[in-house]
Every structure is written in structure tokens, then in C-alpha cells.
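Okay, here's what each chain looks like letter by letter:
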Amino acid sequence: MKCQTKLTLRTVGDCAIPVATLSLFRFDGFFDRLWVLGQMGAARLALRHENRVLFWKLCGSGTGHGFTPKPNWGVWAIMAVWPEEAIAHQAIAQSPVWARWRNRAVEDWTVFLRPVSARGSWAGVNPFLPDGEGAGDQTGPLAALTRASVRPSRVMRFWSRVPDIQAMIGSDPNVAFKIGIGEMPLLHQVTFSIWPDAEAMANFARGNSPHGRAIRAVRDGHWFAEELYARFRVCGTSGQWEGGDPLAHFHKEKDAA
């Protein structure tokens, strides 16, 4: 039976424009998974006529705790940027593309994000530039997104680093949520994770850890043809994932404050 999720925005804090959304969908069964594969073309055409969206990407997902070369055929994602929170909420609830995916999925979850910092580019543009107002506010929870286009000549070196990073992020008790998505296996990859605060996020990324060593190797070896690093305040969520809201404890803390 499909899970019909009511789209009710759960607010984590005050959130102003601009707003990005990451919507995840889980599909079960051969025909629904085959359907969403077809949506990689059909939804692309439909989104070109969605005049509310400023930027969008359709992505598959990887297995494990981050991006991997092994795809997860059951989980797919839509990354989008909207001019303001109200429009984002309305579009996620009413857009034909999101509605069709939601109706075929066994569960779906959307996280609403306000950019606080972003550097680099994704397909030649930086879609997550902060609006300046409150951009320095990095109170939690915070999300980190890394998107990279790996140079074909560096693919084997890059993927040799991934298992250590996956194991590290998977064992970190501070990470509240993590997933690897991407537009193209092996070459175009995105990691997305949510942390309780900036300190926990920084502790994972810095130092002589597998992640820190990998970052230094990337910079020294020019492994990426294009890269983007963005940080967001988590504004709220809708839907459910793995039977609940992965950030439910943050909502409870806010309600108790």
C-alpha cells in the first residue's frame, strides 16, 4: 500500500528567501521503479514549464552513507531552488511533478533549506547564493551539500577514497541525516548531510581524518572539473522517511523551547 503523506510544513526556525528544497522519494516494486526511470525524461520536460522554480536537478541515489558507484534503484531525488519559502511550500504540495512522484512513491520527504554560504558552481551556475540577510547565522540544525564533477582521468583515485569517508560519516554520532545522490553515476555526485550545529559539521570535515585527507588530495590533484560547497539552515520538513521524520527531535526541541 502506498503511503499518502499530508504535506504539512514543520518549522525549525524563522526562514526567509531564498529557499532550496531536497525532495526524496522511495519507490517499491518493479513497475514503479521502471516508471521513475522514465521520469528522468518526462519530468525534465514538465519542469521546464514550472515557472516558479529557479533551479532544479533530477537525481538518482547511491547505496551506503554517501555517494557510491552502486546505485539505489528505489530512491530518487529532486533538488530545487525557489524565490521564497511560501512559493516552495506551495509548489511542493501542488506541482504536477511532485504530486505524480508522491502518488507513486511508498514514502517521500522534503527538507526546506535557507542558504547561508555557497561557493563554486553546479552546471555553470551557483544556485544557492545567500540573499545576504541573516546569511551569517549558522545556528542549527545545519545541512551541508557537496556537488562534484569528477574528471574522468581521476575517477579511480577518487572512488578509492570513498569507502573510508563513507565509514567515517556513517559512524559519526552527530550526523542526523545523510544521503548520496547524483545526476550521473561515477562522474556527477552530491553528498548531503544534516548536523546539529556548525561545530559538529566542522569537526567531521577538518583535520587528519579520511575526509580531511581526501579534500587535500582533491585540491592538490585537481580531481574535480567543477565543484560546489554549500551550507544551509534547515527551515523545516514535510512528509516522512523510513517511517518518520529524521529531524523529529529538532522539532521537539523547538516546541519545548
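Residues numbered from 1 in each chain as written. Predicted model: local features only at pLDDT ≥ 70, side-chain atom pairs only at ≥ 80, totals over all residues. Heavy atoms only, no water.

What follows is about the overall build of the protein. On a plain count of helices and strands, the protein comes out with 7 helices and 9 strands. A total of 257 residues make up the protein; the buried ones form 50% of that total. When contacts within the protein are restricted to residue pairs at least 6 apart in sequence, those whose partners lie at least 24 apart make up 79%. Accessible area for the protein stands at about 11,900 Å²; split by element, carbon and sulfur atoms hold 54% of it. (Helix = DSSP H or I, 4+ residues; strand = E, 2+ residues; numbered from the N terminus. Buried < 20%, exposed > 50% of the residue type's maximum accessible area, 1.4 Å probe, protein only. Contact = heavy atoms within 4.5 Å. Areas by Shrake-Rupley, 256 points an atom, 1.4 Å probe, with all protein chains shown as cover.)

We now examine the nonpolar core. In terms of nonpolar packing, the biggest core is built from 30 residues, with L113, F128, L145, F192 and I194 touching the most fellow members. Contributing elements (two or more residues each) for this core: β2 (19-26), β3 (55-62), β4 (71-82), β5 (107-120), β6 (142-150), β7 (177-184), β8 (188-195) and β9 (224-239). Discounting residues that sit within four places of it in the chain, L113 has contacts with P18, V19, A20, M79, A143, F192, F232, R233, V234 and C235. (Core = buried A, V, L, I, M, F, W, Y, C linked by side-chain atoms within 4.5 Å.)

Let's shift gears to the packing of aromatic side chains. Counting across every chain of the model gives 12 aromatic pairs. Relative to W101, the ring of F25 has its centre 5.2 Å away and its plane inclined at 70°; by these criteria the two rings are edge-to-face. Of this pair, F25 sits in strand β2 while W101 sits in helix α3 (residues 96-104), and the two are 76 residues apart along the sequence. For F25, a relative accessible area of 1% translates into the label buried. Both rings, one in W122 and one in F128, keep their centres 6.3 Å apart while their planes meet at 65°; by these two values the pair is edge-to-face. Its relative accessible area of 0% is what places W122 among the buried residues. Residue F128 is classed as buried on the basis of its relative accessible area, which comes to 0%. Three or more aromatic residues link up through ring pairs in this structure, and these residues are F25, F27, W35 and W101. Over the ring of W241 we find R26, and its NZ or CZ is 4.2 Å from the ring centre. (Phe/Tyr/Trp six-rings, centres within 6.5 Å; stacked < 30°, edge-to-face > 60°. Lys NZ or Arg CZ within 6 Å of the ring centre and 35° of its normal.)

You can see S61 is positioned in strand β3. Within the structure, S61 has its side chain in polar contact with the backbone oxygen of V75 (distance 2.9 Å). Setting aside residues no more than four positions away along its own chain, S61 makes contact with K70, P71, N72, V75, G180 and I181. (Polar contact = N/O pair within 3.5 Å; in protein donor to acceptor, adjacent residues only side chain to side chain.)

Interaxial distance between helix α1 (residues 30-47) and α3 falls to 11 Å at its minimum, and their mutual angle equals 175°. Relative to α3, the element α1 lies roughly antiparallel. Contacts from F31, D32, W35, V36, Q39, M40, A43, A46 and L47 of α1 reach α3 at V97, W98, R100, W101 and R104. Partitioned by chemical class, the residues of the contact of α1 with α3 number 10 nonpolar, 1 polar and 3 charged. (Axes fitted to C-alpha atoms, helices over the stretch in contact; angles between N-to-C directions. Parallel < 35°, antiparallel > 145°, perpendicular 65-115°, else oblique. Nonpolar A, V, L, I, M, F, W, Y, C, P; charged D, E, K, R; others polar.)

The α-helix winds at 3.6 residues per turn, so residues separated by three or four positions along the chain end up facing the same way. Along helix α2 (residues 85-94), the residues classified as buried are E85, A88, A91 and I92. All buried residues of α2 project into a common sector of 130° when viewed along the axis, lining one side. Turning to α2, the residues buried within the fold contact β2, β4, α3 and β5. (Arc of directions from axis to C-beta.)

Further remarks concern the pattern of salt bridges. Evaluated as defined, the whole model comprises 7 salt bridges. R26 is paired through a salt bridge with E242; the nearest N and O atoms lie 4.0 Å apart. Here E242 lies in the loop between β9 and α7 (248-256) and R26 lies in strand β2, a separation of 216 residues in the sequence. For E242, a relative accessible area of 67% corresponds to the exposed category. (Salt bridge = Lys/Arg side-chain N within 4 Å of Asp/Glu carboxyl O.)

Taking 1.5 Å of rise per residue, 18 residues should cover 26 Å, and α1 covers 25 Å from first to last C-alpha, within 8% of that figure. The largest bend in α1 amounts to roughly 45° and is located at Q39. Of all the positions in α1, only D32, W35, V36, Q39, M40, A43 and L47 are classed as buried. Residues of α1 that are buried in the fold lie against β3, β4 and α3. (Expected span 1.5 Å × (residues − 1). Bend = angle between axes of the 7 residues up to and from the residue.)

The topology assignment puts E84 in the loop between β4 and α2. For the pair E84 and R114, spaced 30 residues apart in sequence, the C-alpha separation works out to 9.5 Å.

Quick look at the pairing of β4 now. Burial runs high along β4: 9 of the 12 residues are buried. Pairing between β2 and β4: 8 bridges, direction antiparallel. Across the sheet, the residue bridging to R26 is V75, located in β4. By the bridge criterion, 8 bridges tie β3 to β4 in an arrangement that is antiparallel. Bridged to K57 within β4 is M79. (Pairing = 2+ DSSP bridges.)

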